[in-house]
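Working through the structure, step by step
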Amino acid sequence: LAGGVLAACGSGGQDDSNGIATATGAEQSTAASADVSILNQALAVEQRAVATYQTAAQHLSGARRRTAQHFEAQERMHVDALSQAVLALGATPTTARDRYALPPLSDDDAVLRFTMGVEQIAVAQYLDLIPKLSSQNLRATFASILTVEAEHLAVLREEAGQEPVPDAFVGRGT
């Protein structure tokens, strides 16, 4: 995925457009700047997800802990891919916070509710951000990440005893 993101940003090819279809250098610069801002917004969402699953794994046991650890690893891959995309555009990736606000996580149900909420926010963010990207390749990368976030949400819903896929379409309020 990270290699695909780098390719999406134009690394290694003859085309200097960074995957952005614009007519002038000024338009390219503006579009790349907007894409960097969008990438950093998504990066902040992913960094929060990493912290969420680190915390979730500390509160869960058995198969649920293994699932949280697996999801954390996938979120880290998203962080790495998005960071590489920002760097490929010549910018600095946003850094993770030292701490994130967490609700009381007194039992497995509380952990599941919290992680579902984080995934719902991620899905909504990606749905909002995808059409704002100027690069078709970055839109494809975001769509791929969005799909994984929706898969995480389905697994978490099932663990919580809910319908894993309650709707035919993913929406902002998923």
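Below or above, wherever it landed, is the structure these notes cover.

Definitions and limits used
One numbering rule holds for all chains: residues counted from 1, following each sequence as written. Residue-level local features of this predicted model are given only where pLDDT is at least 70; pairs of side-chain atoms are given and counted only at 80 or more, and the full residue set underlies all totals for whole chains, interfaces and linings. Values shown for side chains rest on all heavy atoms present in the structure; no hydrogens or waters enter the calculation. Only the stretch in contact is used when fitting a helix axis, every axis being a line fitted to C-alpha atoms; angles between N-to-C directions are given from 0 to 180 degrees. The secondary structure listing takes helices from DSSP runs of H or I that are at least 4 residues long and strands from runs of E that are at least 2 residues long, numbered from the N terminus. Roughly parallel refers to an angle under 35 degrees, roughly antiparallel to one over 145, roughly perpendicular to one between 65 and 115, and oblique to any angle outside these ranges. Helix crossings fall into two classes, left-handed where the near helix is turned counterclockwise from the far one by less than a right angle and right-handed where it is turned clockwise. Pairs of residues are marked as contacts when any of their non-hydrogen atoms sit within 4.5 Å. Nonpolar residues are Ala, Val, Leu, Ile, Met, Phe, Trp, Tyr, Cys and Pro. Charged residues are Asp, Glu, Lys and Arg, and all others, Gly as well, are polar. In the sections that follow, a salt bridge refers to a side-chain nitrogen of Lys or Arg positioned within 4 Å of a carboxyl oxygen of Asp or Glu. The cut-offs for exposure are 20% and 50% of the maximum accessible area for each residue type, with area from a 1.4 Å probe on protein chains only; residues under the lower value are buried, those over the upper are exposed, and the others partly exposed. Joining through side-chain atoms within 4.5 Å is the link that ties buried Ala, Val, Leu, Ile, Met, Phe, Trp, Tyr and Cys residues into a set, and such a set is a nonpolar core. Lining residues are defined by having an atom within 4 Å of a point belonging to a cavity or pocket. Those points lie on a 1 Å grid over the protein atoms alone, cavities being sets where a 1.4 Å probe fits but cannot get out and pockets being open sets with protein on both sides within 12 Å along at least five of seven lines. Grid points are joined across faces, edges and corners, and a volume is the space filled by probe spheres set on the points.

**Regarding the packing of helix α4 (residues 108-129) against helix α5 (residues 136-159)**
Running from amino to carboxyl end, α4 crosses α5 at an angle of 155°, the nearest separation of the two axes being 9 Å. As the angle between them shows, α4 and α5 are arranged roughly antiparallel. Regarding α4 and α5, the two cross each other, and that crossing is left-handed. On α5, the residues touching L112, T115, M116, E119, Q120, A122, V123, Y126, L127 and L129 of α4 are F142, I145, L146, E149, A150, H152, L153, L156, R157 and E159. In terms of residue class, the contact of α4 with α5 is built from 13 nonpolar, three polar and four charged.

**Things to note about the packing of helix α3 (residues 62-88) against α5**
Look at α3 against α5: their axes get within 12 Å of each other, and the N-to-C directions meet at 165°. Our classification of the angle between α3 and α5 gives roughly antiparallel. Two packed elements cross with a definite hand, and for α3 against α5 that hand is left-handed. Two secondary-structure elements touch here, α3 through R64, T67, F71, Q74, E75, H78, L82 and A85 and α5 through L138, F142, I145, V148, E149, H152, V155, L156 and E159. Looking at the contact of α3 with α5 residue by residue, the classes come out as nine nonpolar, four polar and four charged.

**Considering the pattern of salt bridges**
Throughout the structure, instances matching the rule amount to four salt bridges. Measuring nitrogen to oxygen at the nearest pair gives 2.9 Å for the salt bridge that ties E72 to R76. Of this pair, E72 and R76 both sit in helix α3, separated by four residues, roughly a single helical turn. Residue classification places R76 among the partly exposed residues on the basis of a relative accessible area of 37%. Through salt bridges with shared partners, a single ionic network connects R64, D108 and E159.

**Thoughts on the nonpolar core**
Counting 21 residues, the largest nonpolar core has L39, A42, L82, Y126 and F142 as its most contacted members. Residue assignment for this core shows that the elements contributing at least two residues are α2 (25-59), α3, α4 and α5. If we skip the residues at most four places from it in the chain, L82 touches L39, A42, L43, E46, Y126, F142 and I145. With 16 residues, the next largest nonpolar core counts A49, A56, M116 and V118 among its residues.

**Details of empty space enclosed by the protein**
Within this structure, the stated rule accounts for one cavity of 30 Å³ or more. Looking at the largest cavity, the residues that line it are Y53, A56, L60, R64, T67, A68, F71, V111, L112, T115, L156 and E159. Looking at the lining of the largest cavity, the elements that each hand over two or more residues are α2, α3, α4 and α5. Per-element accounting of the lining of the largest cavity gives the leading share, four residues, to α3.

So far we have only geometry, and geometry alone does not tell us how the molecule works.
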